[in-house]
Each structure stands twice: as C-alpha cells, then as structure tokens.
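Below, each chain spelled out in residue letters.
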Amino acid sequence: MANPASITVTACSANSAVNQPAAQTIDTDGTVPITVGGRMDMLILEIINAAAAALTVTIGAGDNPPSPLAADLAVALAATGGATAKRIIGPFESARFLQSDGTVNVTFLAASSTPNATVRAYRLPKT
C-alpha cells in the first residue's frame, strides 16, 4: 500500500458538530503534505499509532516566509504493545511551518519495520 497523496482537512463549525471523518492510513515511511492555505493557526492533527514499533511524526520547518522561527517539530508515539499511542498535535505557527506552496509537510518514520498509523486533520473555526 501507500500513504495518501495528501491529508484531508475536515472543517469544524462554531456552535455546531461534525461527524468524525474516516482516518487516513499511514503505512509507509515518508512525507505527506496538508494543504492549509495559510490557516495553520486553526489546524490540529490526530495521530494514532497502532504498530508494535515506535513512530516519530515530524512537522517540517517552513520556508514561507523565510523566518528565524522555522524549525521542525518531532513528536514521538510509543510502541503500542497492546495499547494504542495517540497524540493531538497543533495548532501551528505559520512562520514556523508553512511552505511556500501553502502546505505543511508531515513526515512519518517508524523506529523499525513500517508504520501502522492513522491520521485525521481538523480546521477549527475562528470565533
């Protein structure tokens, strides 16, 4: 199998509810972009590691605009063993993570073997 070409973002609405979207499966080490269009301050990611190996999820340093704030953010998810490692990551600073094409790059790297993870992305409403 292969990772999705990009991670789909589900928009949340103020004073409302949305159905939880289907999770996108990550089963290959590599980078998957998210098209954010500059609204990173309202973006959060839900990552679930279901593998017996640890997983590192890295939000890549941005290049737009060139900024001294640009830096990777690496988040470790433990090997599951019998439990499931879960993390909510974000919101994000655009000066630190935004790419010049309006995306943010998310890299998945399993400690051994291949990843077995799912990801959901949500855009929070501005209230």
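Here goes a summary of the coordinates provided. All figures in this text were calculated on a predicted structure; none of them were measured in a lab.

**So, the nonpolar core**
With 25 residues, the main nonpolar core has Leu 45, Val 57, Ile 59 and Phe 108 as its most contacted residues. Those elements that place two or more of their residues in this core are strand S3 (30-35), strand S4 (43-49), strand S5 (55-59), strand S6 (73-77), strand S7 (85-89), strand S8 (103-110) and strand S9 (117-123). Apart from the residues lying within four places of it in its own chain, the contact partners of Phe 108 are Ile 7, Ile 26, Asp 29, Gly 30, Val 32, Ile 47, Leu 55, Thr 56 and Val 57.

**Some remarks on the packing of aromatic side chains**
Considering all chains together, one arrives at one aromatic pair under this definition. For the ring pair Phe 92 and Phe 97, a centre distance of 5.6 Å and an interplane angle of 85° mean the geometry is edge-to-face. Taking the relative accessible area as the measure of exposure, Phe 92 reaches 4% and is therefore buried.

**As for the sheet that holds S6**
If you trace the four strands from one edge of the open sheet to the other, you get S3-S8-S5-S6, paired in antiparallel fashion. Every other strand in the sheet has two partners, leaving S3 and S6 as the edge strands with one partner each. Averaged over all pairs of adjacent strands, the angle between their axes in this sheet comes to 20°, without regard to strand direction.

**A word on the side chain of Glu 46**
As for its placement among the helices and strands, Glu 46 is situated in strand S4. If we skip the residues at most four places from it in the chain, Glu 46 touches Gln 20, Arg 87, Ile 88, Thr 118, Val 119, Arg 120 and Tyr 122.

Criteria and thresholds
Residues numbered from 1 in each chain as written. Predicted model: local features only at pLDDT ≥ 70, side-chain atom pairs only at ≥ 80, totals over all residues. Heavy atoms only, no water. Core = buried A, V, L, I, M, F, W, Y, C linked by side-chain atoms within 4.5 Å. Buried < 20%, exposed > 50% of the residue type's maximum accessible area, 1.4 Å probe, protein only. Helix = DSSP H or I, 4+ residues; strand = E, 2+ residues; numbered from the N terminus. Contact = heavy atoms within 4.5 Å. Phe/Tyr/Trp six-rings, centres within 6.5 Å; stacked < 30°, edge-to-face > 60°. Pairing = 2+ DSSP bridges. Axes fitted to C-alpha atoms, helices over the stretch in contact; angles between N-to-C directions.

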